[in-house]
Amino acid sequence: MSAYITSTGAFLPGPPIGNEEMEDILGYVDGKASRLKARILKANGIRTRHYAIDRHQRTLHSNLDMAVAAAKRCLEASPVRVPSIGMLSCATTQGDMVIPGFGSMVQAGLGIPAVELMTAHGICSSSVMAVKTAVNALRVGEHRCALVVVSELASRLFKRTRYEAAGGQAAMDFNSEFLRWMLSDGAGAWLLEGAPRGRCLRVDWIRSFSHADAFPVCMSIGTATGKEDSRTWQDYPTYAEAEAAGALLIRQDVRLLEQMVKLGVDGALRLIDDGVLVMNSIDHFLCHYSSHHFRGKIADMLEMCGASIPQERWFTNLYTRGNTGAASILIMLDEFLRERRPGAGERILCMVPESGRFNTAYMQLSVCEG
């Protein structure tokens, strides 16, 4: 049994937001412009992105709204109807509610009856976990079709009031401000079926390698320091005290980020050694690198190892769509298929590094005709 991606869809809220507009929407902390913004934007190379909040930091689209919108666009392009979906596999970094699971909310939003449900919790690579769960269900014959929906709403974390509640500019450092200029909002959806339909993508294989046993936390929300041995936000007497201590700010330990490139390339080399990945057979490379800063490093390291992929085979929409976390690879593939229209037999390699505690996922797709 095989699994095929037969339709894709994406939703990006509002108009594209340029670099000069970002702080007008997220807000000026303590009424002052950021001293780090220009430096971080220069490194990440992102020119525009989308936000689900407005200039008054009011939410215009919930995470659920975006997920449902992406799923509906995906299904509109397919003859498969909602009642025929056997499995719904979802992922997000954080849903609109702490509980219940995000998948339950998406199911209700789409009105899918009696579906098998899964919610993957994590950061960027949770999307590939959701895809693999759906693929495995199809391969063992449990279902004929499955819907994968991944959505991210990061902008609510970056409102000026979040930082001001934790002490404002006086309490901010590079690690707590870094992601404010990196992450944005959006959702993607893929429909998978057990048989090919029209021009579609066969899922050849999916692999991932986690290194949480060897590295400390790199990206987190929940402690005032970002370290796992600190008090978590639930250990404070009140949530207000946790917020004031900075335990609800999203943090990135930027000193550890360089490890992500090395680990990602190491994983690819391991797949080559195992005979799973044949680099010279790859026609297109979709890599969810979070910043332009990492693109050259990934390319250089692959070339040093004799496993390079020519730059003309790379595809990314990072610079115009932004870094939408777990949803990035779904949104990227949707845009790639519309822009590039790959031919039958061509192979696509997807790579999704995650900096939460260093997990990298890899997926190979082949274009085929049903």
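Placed above this text is the structure.
All of these numbers come straight from a predicted model, not from anything done at the bench.

About the criteria used
Residues numbered from 1 in each chain as written. Predicted model: local features only at pLDDT ≥ 70, side-chain atom pairs only at ≥ 80, totals over all residues. Heavy atoms only, no water. Helix = DSSP H or I, 4+ residues; strand = E, 2+ residues; numbered from the N terminus. Rg over C-alpha atoms; globule rule 2.2 N^0.38 Å. Buried < 20%, exposed > 50% of the residue type's maximum accessible area, 1.4 Å probe, protein only. Contact = heavy atoms within 4.5 Å. Areas by Shrake-Rupley, 256 points an atom, 1.4 Å probe, with all protein chains shown as cover. Lys, Arg positive; Asp, Glu negative; His and termini not counted. Charge placed at Lys NZ, Arg CZ, Asp CG, Glu CD. Salt bridge = Lys/Arg side-chain N within 4 Å of Asp/Glu carboxyl O. Expected span 1.5 Å × (residues − 1). Phe/Tyr/Trp six-rings, centres within 6.5 Å; stacked < 30°, edge-to-face > 60°. Lys NZ or Arg CZ within 6 Å of the ring centre and 35° of its normal. Core = buried A, V, L, I, M, F, W, Y, C linked by side-chain atoms within 4.5 Å.

1. Regarding the overall build of the protein
- The secondary structure content of the protein amounts to 12 helices and 14 strands.
- Relative to a compact globule of 370 residues, whose C-alpha radius of gyration would be 21 Å, the protein shows 20 Å and is just as compact.
- For the C-alpha atoms alone, the extent of the protein along its principal axes is close to 60 × 50 × 40 Å.
- Taking all 370 residues of the protein together, the buried fraction comes to 56%.
- Looking at the protein alone, contacts between residues at least 24 apart form 82% of all its contacts between residues at least 6 apart.
- About 15,500 Å² of surface is accessible on the protein, with carbon and sulfur atoms providing 51% of the total.
- The positive charge centre, built from 39 side chains, and the negative charge centre, built from 39, are 3 Å apart in the protein.

2. Some words on the pattern of salt bridges
- For the coordinates displayed, the defined rule picks out 15 salt bridges.
- The partner of arginine 199 in a salt bridge is glutamate 369, and the shortest N-O contact between them spans 2.4 Å. Linking arginine 199 in strand E8 (residues 199–210) with glutamate 369 in strand E14 (residues 359–369), this pair joins segments that are 170 residues apart in sequence.
- On the basis of relative accessibility, which here comes to 45%, the residue arginine 199 falls in the partly exposed class.
- Judged by relative accessible area, which is 44%, glutamate 369 ranks as partly exposed.
- The salt bridge partner of aspartate 334 is arginine 338, with a shortest N-O separation of 2.8 Å.

3. A short note on helix H5 (residues 126–139)
- The first and last C-alpha atoms of H5 sit 20 Å apart over 14 residues, in line with the 20 Å expected at 1.5 Å per residue.
- Taken as a whole, H5 has its buried residues at Ser126, Ser127, Val128, Ala130, Val131, Ala134, Val135, Ala137 and Leu138.
- In the segment just after H5, glycine 141 is the residue with positive phi, at about 80°.

4. Observations regarding the side chain of glutamate 335
- Mapped onto the secondary structure, glutamate 335 falls in helix H12 (residues 328–340).
- In this view, glutamate 335 contacts Phe315, Asn317 and Arg321; residues no more than four positions away in its chain are not counted.

5. Regarding the packing of aromatic side chains
- Within this structure, the stated rule accounts for eight aromatic pairs.
- A centroid spacing of 5.3 Å and a plane angle of 65° characterise the contact between phenylalanine 215 and phenylalanine 358, whose relative ring orientation is edge-to-face. Placement of the pair is phenylalanine 215 in the loop between E8 and strand E9 (219–220) and phenylalanine 358 in the loop between strand E13 (347–354) and E14, with a sequence separation of 143 residues. Accessibility classification places phenylalanine 215 together with phenylalanine 358 in one group, the buried group.
- Ring centres of phenylalanine 315 and phenylalanine 336 lie 5.3 Å apart, and the angle between their planes is 65°; this geometry places the pair in the edge-to-face category. Residue phenylalanine 315 is located in strand E12 (residues 314–315), and its partner phenylalanine 336 is located in helix H12; the two are separated by 21 residues in the primary sequence. No difference in accessibility class separates phenylalanine 315 from phenylalanine 336, as the two residues are buried.
- Put simply, the rings of Phe285, Tyr289, Trp314 and Tyr319 touch in pairs and so form one group of aromatic residues.
- Stacked on the ring of tyrosine 236, the Lys or Arg arginine 231 has its end atom at 4.0 Å from the ring centre.

6. Comments concerning unusual backbone geometry
- For the peptide bond that leads from isoleucine 99 to proline 100, omega is 5°, which places it in the cis range.
- On the secondary structure map, proline 100 appears in the loop between strand E4 (87–92) and helix H4 (102–110).
- For aspartate 30, which is not glycine, the phi torsion reads 55° and is therefore positive.
- Checked against the element boundaries, aspartate 30 lands in the loop between helix H1 (22–26) and helix H2 (37–44).
- Looking at aspartate 30, the relative accessible area reads 40%, which means it is partly exposed.
- Even without glycine at this site, glutamine 57 takes up a positive phi of about 60°.
- Along the chain, glutamine 57 turns up in the loop between strand E3 (48–49) and helix H3 (63–76).

7. A short note on the nonpolar core
- Formed by 98 residues in total, the largest nonpolar core has its most connected members in Leu192, Leu286 and Leu365.
- Examining the composition of this core, we find that seven residues originate from one element, H5, more than from any other.
- If we skip the residues at most four places from it in the chain, leucine 286 touches Phe315, Ile329, Met332, Leu333, Phe336, Ile348, Leu349, Cys350 and Met351.
- Among the nonpolar cores identified, the runner-up in size contains 27 residues, and Phe11, Phe102, Ile112 and Val149 belong to it.

By themselves, these observations are geometric and do not establish any function.
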